[in-house]
Amino acid sequence: MTTDQRIRFLVKPAVFVLCLGPLAWIIGRALTIGLGANPIEYSNRYLGDWALRFILIALAVTPGREILGWSWLARLRRMLGLFAFAYVVLHVLSYVGLDQFFDWWAIGGEILKRQYITVGMIAVTLLIPLAITSTNGMVRRMGGRAWQRLHRLAYVIGMLGCLHFYMMVKSDTREPIIYASILACLLGYRLIAAGRRRLARNRRNTPQPA
Ligand code: HEM
């Protein structure tokens with residue numbers, strides 16, 4: 001089996017199944033022991049947690065690939081990003097459907113009244129163009145540079161996700177701060193790596209004394 005076949009037929013399906021794990025876990029729990037005294041709040045928060053985790057996991061692919069030298073990790077990035085989108089959609093659906101019973105008037109009011117929901121909505125809105133442009137055809141149509149520039153929005157979405165969580169919690173801010181710190185490390189790594197690349201390019205382009 002070639003490396004390409006191993007990734008396509010073993011690694012990718014295994015990661016796909018792993019990514020479905022959190023969803024399978026909550027469905028299993030709901031059908032067996034239940035989701036506690038407030039199942040709607042439980043499922044909404046659980047799905048929100050996994051949405052943010054998947055955003056961070058997708059953002060960790062490039063640093064992970066570069067630090068570990070595992071170039072094949074790049075082939076999982078799109079799947080991980082789309083899982084992040086799927087968990088965000090489920091999180092929002094659980095709020096819109098289970099919490100608000102599709103009462104669009106009330107939801108509109110909440111978006112205006114609760115700032116953490118406003119921030120969440122901005123994050124979801126920014127996530128949509130990333131999901132739409134995730135296909136190979138869209139990468140080709142946009143061109144690599146423009147596509148990369150657009151997909152840097154993922155960091156902004158991560159920041160908004162952390163802010164949304166931070167604004168939502170009333171007292172114990174440890175968890176959102178941990179997520180925000182992980183995001184800061186990932187962003188810091190990308191900025192340093194980009195700075196190094198620019199420096200190396202400038203050195204190559206500077207004429208050397210004879
Ligand atoms: C990228 C987008 C989003 C991410 C990453 C995200 C993530 C999260 C996280 C991590 C939590 C906290 C979970 C916990 O307590 O452990 C949360 C809570 C929540 N989110 Fe989001 N969220 C997003 C968008 C939205 C949107 C658009 C809405 C509503 C329209 C929303 C509604 C809520 C609500 C209602 C809660 C729970 C509030 C409570 O139980 O008091 N989220 N979200």
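So, here's what we can say about the structure. Quick caveat, the model's predicted, so the values are computed rather than measured.

The rules we used
Residues numbered from 1 in each chain as written. Predicted model: local features only at pLDDT ≥ 70, side-chain atom pairs only at ≥ 80, totals over all residues. Helix = DSSP H or I, 4+ residues; strand = E, 2+ residues; numbered from the N terminus. Buried ≥ 20, exposed ≤ 12 C-beta atoms within 10 Å, placed from the backbone. Near = placed C-beta within 6 Å. Nonpolar A, V, L, I, M, F, W, Y, C, P; charged D, E, K, R; others polar. Axes fitted to C-alpha atoms, helices over the stretch in contact; angles between N-to-C directions. Parallel < 35°, antiparallel > 145°, perpendicular 65-115°, else oblique. Left-handed = near helix turned anticlockwise from the far one by under 90°. Contact = placed C-beta atoms within 7 Å. Core = buried A, V, L, I, M, F, W, Y, C linked by C-beta atoms within 7 Å.

## Examining the overall build of the protein
Here comes step 1: Looking only at helices and strands, the protein features 10 helices and 0 strands.
Here comes step 2: For the protein, the N- to C-terminal ordering of α and β elements is α-α-α-α-α-α-α-α-α-α.
Here comes step 3: By its C-alpha atoms, the protein is 75 × 45 × 35 Å across when sized along the principal axes.
Here comes step 4: Across the 210 residues in the protein, those meeting the buried criterion constitute 20%.

## Side note on the site of the ligand
Here comes step 1: Not every one of the 23 residues close to the ligand is listed here, only the nearest: R45, G48, G120, A123 and G161.
Here comes step 2: It is helix α2 (residues 39–59) that provides the largest number of residues to the shell around the ligand, a total of 8 residues.
Here comes step 3: Taken together, the residues of the shell around the ligand sort by class into 14 nonpolar, 6 polar and 3 charged.

## Focus on the packing of helix α4 (residues 77–99) against helix α6 (residues 115–132)
Here comes step 1: One way to put it is that α4 packs onto α6 with a least axis distance of 11 Å and a crossing angle of 140°. Between α4 and α6, the angle is such that the two are oblique. Crossing of α4 against α6: the hand is left-handed. Residue-level contacts link G81, L82, F85, V88 and V92 of α4 to V124, L127, L130 and A131 of α6.
Here comes step 2: Tallied by class, the residues present in the contact of α4 with α6 amount to 8 nonpolar, 1 polar and no charged.

## Focus: the packing of helix α9 (residues 153–168) against helix α10 (residues 174–205)
Here comes step 1: For the pair α9 and α10, interaxial distance at closest approach is 9 Å and the crossing angle is 165°. The orientation of α9 with respect to α10, classified from their angle, is roughly antiparallel. Note on packing geometry: the crossing formed by α9 with α10 is left-handed. Across the interface between the two elements, Y155, G158, M159, C162, F165 and Y166 from α9 touch P176, Y179, A180, L183 and L187 from α10.
Here comes step 2: Grouping the amino acids of the contact of α9 with α10 by side-chain chemistry returns 10 nonpolar, 1 polar and no charged.

## As for unusual backbone geometry
Here comes step 1: Despite not being glycine, F101 shows a phi value in the positive range, around 50°.
Here comes step 2: Its location among the elements puts F101 in the loop between α4 and α5 (104–113).
Here comes step 3: Looking at F101, the number of C-beta atoms within 10 Å reads 9, which means it is exposed.
Here comes step 4: The phi dihedral of F102 falls on the positive side, at around 55°, and the residue is not glycine.
Here comes step 5: As for its placement among the helices and strands, F102 is situated in the loop between α4 and α5.
Here comes step 6: For F102, a count of 10 C-beta atoms within 10 Å translates into the label exposed.

## Observations concerning the nonpolar core
Here comes step 1: Counting residues in each nonpolar core, the largest one holds 33 residues, and the members touching the most others are A51, F54, I55, A58, A84 and Y87.
Here comes step 2: If you list the elements that add at least two residues to this core, you get α2, α4, α6, α9 and α10.
Here comes step 3: Of the residues forming this core, the biggest block, 10 residues, is contributed by α2.
Here comes step 4: Discounting residues that sit within four places of it in the chain, Y87 has contacts with L47, W50, A51 and F54.

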